[in-house]
Amino acid sequence: MKGYTLPAVDLKRGSSGTGVRQLQTALVKLGHMTQAQMNTGPGTFGARTEGSLKQFQKAHGVDAIGIYGPKTRAAFKALGATLGGAGLREKIVAEGLWGAANQERIHYAQIRPIDGIRLRHKLPLDIDCSGFVTLCYKWAGAPDPNGNRYSGAGYTGTLEAHMLHIPLSQVQPGDLCLWQGKHVSLVIQGGADPLLISHGSEFGPYEIRTSAQKKWYPAGTRLIWLTSPVGVKGARMTLSLEDKARGDPPAEEGLSEHGMARRARKTP
């Protein structure tokens, strides 16, 4: 297990996020789970992950209860794994994955102040795309990506104005993908075609590749990658007087995805 990093926090059935992905990757490496099984729900701690973890625990003299706790971490560490805590980016991604896992009780609506801004994991939740990514940052403990100190205001324009614009090559999980004047999504996996969590209509939040999301926009729609400006020097936009005075979000039109089949939900 040398070269593998596992979370230093407890995980159990119902957990989600980067830490679960790390655990699943380790279980695949050790032969307790197949890659195909992991691919049905990466980052989601379901029945299959629980069963695979029990196999590992039984094989290494740990009580086979299916909970990733101190004794299980010690067993992985004895095999050469490194333990690390969840960073801010991982926490932001975990909140996005929570949204996707609770899709049925999250609805598309333009409401300000942002619904859920004062209550973590509020359900049911009525939210639009910019509100959703703002909640992911808020609930993860990150600064307001709109620069509003979580007043409950914000939209795609304030995100674009406050956050730092970066090239695709620098995009990491926790950054944002913004289609100027149209929509914003949360990056949960980087690379040449980043994986996103999108909440652009009643069908969201759900995972989608950037290349697939691109098909919903007219040719020439500008794609902007955004990262938190905290601790980073760089020029950012200045909001117009109209933007500063805006009391309601602009018409962030929900994506026309009614022809898109809802992705079947499976947990490993």
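The structure displayed is predicted, hence computed values, not measured ones.

Caption draft 1: Broad picture of the pairing of strand E6 (residues 176-179). The alternating pattern of E6 places Leu176 and Leu178 and Cys177 and Trp179 on opposite faces, both of which are buried. Where E6 meets strand E7 (residues 183-189), 4 bridges bridge the pair, whose relative direction is antiparallel. Opposite cysteine 177, over in E7, you have serine 185 as the bridge partner. The loop that links E6 with its antiparallel partner E7 comprises 3 residues; one of these, glycine 181, has a positive phi angle of about 75 degrees. Bridge count between E6 and strand E10 (residues 223-227): 4 bridges; the pairing is antiparallel. Within E10, the residue paired with tryptophan 179 across the bridge is leucine 223.

Caption draft 2: Quick look at the pairing of E7. Counting buried residues along E7, 6 of its 7 residues qualify, which places the element largely inside the surrounding structure. Where E7 and strand E8 (residues 195-198) come together, 3 bridges link them in antiparallel fashion. Following the sheet pairing, leucine 186 is matched in E8 by isoleucine 197. Taking the residues between adjacent antiparallel strands as the criterion, E7 and E8 are bridged by 5 residues, where glycine 191 takes a positive phi near 115 degrees.

Caption draft 3: Local environment of the side chain of threonine 227. On the secondary structure map, threonine 227 appears in strand E10. Overall, threonine 227 belongs to the buried group, its relative accessible area being 11%. Once you skip the residues sitting within four places of it in the chain, threonine 227 turns out to touch Arg89, Met163, Leu164, Ile166 and Asp175.

Caption draft 4: Representation of the sheet that holds E7 in the model. Reading across the sheet, the 6 strands line up as E5-E10-E6-E7-E8-E9 and stay open at both edges, with antiparallel pairing between neighbours. Two strands close off the open sheet at either side, each with one partner strand: strand E5 (164-166) and strand E9 (206-209). The mean angle between the axes of side-by-side strands here comes to 40 degrees, regardless of whether they run parallel or antiparallel. Pairing of E8 with E9, which is carried by 4 bridges, proceeds in the antiparallel orientation. Looking across to E9, one finds that serine 198 is bridged to tyrosine 206. Helix H5 (residues 88-101) rests against E7, E8, E9 and E10 of the sheet, and its axis sits at about 115 degrees to E7. Lying on the sheet, helix H6 (residues 129-140) is in contact with E6, E7 and E8; it crosses E7 at an angle near 40 degrees.

Caption draft 5: Expanded view of H6. Taking 1.5 Å of rise per residue, 12 residues should cover 16 Å, and H6 covers 17 Å from first to last C-alpha, within 8% of that figure. For H6, a buried count of 11 out of 12 residues is recorded, marking the element as mostly surrounded by other parts of the structure. Taken together, the buried positions of H6 are occupied by Cys129, Ser130, Gly131, Phe132, Val133, Thr134, Leu135, Cys136, Tyr137, Trp139 and Ala140. Phi turns positive, to about 90 degrees, at glycine 141, one or two residues after H6.

Caption draft 6: Focus on helix H4 (residues 70-78). Within the sequence span of H4, burial applies to Thr72, Arg73, Ala75 and Phe76. Projected onto a plane normal to the axis of H4, the buried residues spread over an arc of 155 degrees and lie on a single side. Among the exposed residues of H4, those oriented more than 90 degrees off its buried face are Pro70, Lys71, Lys77 and Ala78. Residues of H4 that are buried in the fold lie against strand E1 (5-7), helix H1 (18-29), helix H3 (47-59) and strand E2 (82-84). Residue glycine 80 follows H4 closely and has a positive phi angle near 110 degrees.

Reading guide: rules and limits
- Residues numbered from 1 in each chain as written.
- Predicted model: local features only at pLDDT ≥ 70, side-chain atom pairs only at ≥ 80, totals over all residues.
- Heavy atoms only, no water.
- Buried < 20%, exposed > 50% of the residue type's maximum accessible area, 1.4 Å probe, protein only.
- Helix = DSSP H or I, 4+ residues; strand = E, 2+ residues; numbered from the N terminus.
- Pairing = 2+ DSSP bridges.
- Contact = heavy atoms within 4.5 Å.
- Axes fitted to C-alpha atoms, helices over the stretch in contact; angles between N-to-C directions.
- Expected span 1.5 Å × (residues − 1).
- Arc of directions from axis to C-beta.

Distances and angles like these do not, on their own, reveal function.
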